[in-house]
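What follows is each chain in one-letter form.
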Amino acid sequence: MDDSRRSTLDKLQGRLLSGEVRALARSISLIEAGEPAGQELLARLRPRVGNARVLGITGAPGSGKSTLTDHLVAAARGRDERVAVVAVDPSSPFSGGAILGDRIRMTRWHSDPGVFIRSMATRGHLGGLAAATLQVVALLDALDFDVILLETVGVGQSEVEIAEAADTTVLVLTPGQGDAVQAFKAGIMEIADLFVINKADQPGAARLRREIRAMQEIALPADAPWRPPILETTASEGEGVESVVSELDRHSEHLEASGRGEELRRRRARFEIAAILHEELRRALAAREDDFVDEVLSGGITPAQAVARLLER
């Protein structure tokens, strides 16, 4: 790195550590774009990482994840905690940008210096999290945010990766949509640390609770150190949110008491490495996709050999 670029990076780092929001937004853009400057900045700040609570919020579209997240932000601010929200949204098929901007959905925090909200596009990533999400989480952690909330696209087979990213995973379900059965099929029941039945004032909430409890009996061993609580909320009215906050605190205490806090931080770092590898392979394939496809179809190489060539590069 030449002196000019080092000087520019030094200035950006100084602005970041002073709490400048524009510098944070710029840094995240560098990370999302895969710029070397973003990686160098992360390397400098990595020793500061490891103090934030990372909470994952997932569930089917329309289940009320954003409304619940908004209330969790309010609870954190009520404790004078600095909170960041990373909302991972579907990519626009035209621009590649995020379609659903949670900065629009949470406008009441716009002028609060203790809240930072950023929407990130999945950009073709198959899971519920964008490839750069974990790097952005690391950056926010290094900048002394107390709580980082990850809100994901929605429930799907690959959505279970949120468990690799978060200390505590909250699965939001709603009555009358068959969510519990679908979540069980997708393997998501096993990764939830808290179940939240939102819109609990609607018919079917009691039945959904019974379904979740029955599936827990199947999925959880009798001696499981943590049995995920099943909570009911009406997030649009703010009802039941205090219980969610209380159980989130209890799970954090459980992680520290059991010594799993450090294990989860290591797991998050491993997942970050894997996500970057996935993205680099995807880019490498995109650059030569037609060549590889033609060779595979002609019988010149097998798909496994195509992958081996990508890895060699």
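Residues numbered from 1 in each chain as written. Predicted model: local features only at pLDDT ≥ 70, side-chain atom pairs only at ≥ 80, totals over all residues. Heavy atoms only, no water.

### Looking at the packing of helix α11 (residues 260-298) against helix α12 (residues 303-312)
Packed helices, taken two at a time, are described by the angle their axes make and the gap between the axes. Put simply, the test is: To obtain an axis, a line is fitted to C-alpha atoms, over the contacting stretch when the element is a helix, and the angle between two such axes runs from 0 to 180 degrees between their N-to-C directions. Counting from the N terminus, the helices are the DSSP runs of H or I reaching at least four residues and the strands are the DSSP runs of E reaching at least two. When an angle is under 35 degrees it counts as roughly parallel; over 145 it counts as roughly antiparallel; between 65 and 115 it counts as roughly perpendicular; any other value is oblique. By convention, the crossing between two helices is left-handed when the near helix turns anticlockwise from the far helix through less than a right angle, and right-handed when the turn is clockwise. Residues count as neighbours in contact if any of their non-hydrogen atoms are within 4.5 Å of one another.
One can describe the packing of α11 onto α12 by two numbers: an axis separation of 10 Å at closest approach and a directional angle of 140°. By the criterion of interaxial angle, the relationship of α11 to α12 is oblique. In this structure, the crossing between α11 and α12 has a hand that is right-handed. Here Leu 281, Ala 284, Leu 285, Phe 292, Glu 295 and Val 296 of α11 lie close against α12, whose contacting residues are Pro 303, Ala 306, Arg 309, Leu 310 and Leu 311.

### Regarding the side chain of Glu 272
Note on placement: Glu 272 falls in helix α11. Setting aside residues up to four positions removed in sequence, Glu 272 forms contacts with Arg 46, Leu 134, Gln 135 and Ala 138.

### Overview of the layout of surface pockets
Any space left empty among the atoms is revealed by the rolling of a water-sized probe across them. Which entries qualify depends on this criterion: A cavity here means a set of points on a 1 Å grid, drawn over the protein atoms and nothing else, where a 1.4 Å probe fits but cannot get out; a pocket is an open set with protein on both sides within 12 Å along at least five of seven lines, and a residue lines either one if it has an atom within 4 Å of a point. Grid points are joined across faces, edges and corners, and a volume is the space filled by probe spheres set on the points. Any residue that is not Ala, Val, Leu, Ile, Met, Phe, Trp, Tyr, Cys, Pro, Asp, Glu, Lys or Arg is counted as polar, Gly included; the first ten are nonpolar and the last four charged.
Counted as a void, the largest pocket has a volume near 490 Å³. Lining the largest pocket are 24 residues, with Val 21, Leu 24, Val 115, Phe 116 and Ile 117 positioned closest to its centre. Every element with two or more residues in the lining of the largest pocket is listed here: α1 (3-17), α2 (21-32) and β3 (115-121). Here the element with the most residues in the lining of the largest pocket is β3; it accounts for four residues. A per-class count over the lining of the largest pocket returns 13 nonpolar, four polar and seven charged. By volume, the second largest pocket is sized at about 400 Å³. As for the second largest pocket, its lining consists of 24 residues, of which Glu 190, Ala 192, Asp 193, Trp 226 and Arg 260 are closest to the centre. Listing elements by their share of the lining of the second largest pocket, those giving two or more residues are α9 (205-219), α10 (241-258) and α11. For the lining of the second largest pocket, the class distribution of residues is 15 nonpolar, four polar and five charged.

### Quick notes on the side chain of Glu 81
Turning to its location among the elements, Glu 81 is positioned in the loop between α4 (65-78) and β2 (83-89). Sequence-distant contacts of Glu 81, that is, excluding residues within four places in its chain, are made with Ala 76, Gly 114, Asp 146 and Val 147.

### Quick look at the pairing of strand β4 (residues 147-151)
So the rule is basically this: Only protein chains enter the accessibility calculation, which uses a 1.4 Å probe; a residue is then buried when its area is under 20% of its type maximum, exposed when over 50%, and partly exposed in between.
Burial of β4 is extensive: five of the five residues sit out of reach of the surface. Along β4, one buried face is formed by Val 147, Leu 149 and Glu 151 and the opposite face, lined by Ile 148 and Leu 150, is buried too.

### A few points about the environment of Gly 176
Within the secondary structure, Gly 176 sits in the loop between β5 (168-173) and α8 (179-186). Remark: the alpha-carbon pair of Gly 176 and Gln 202, spanning 26 residues in sequence, is separated by 8.4 Å.

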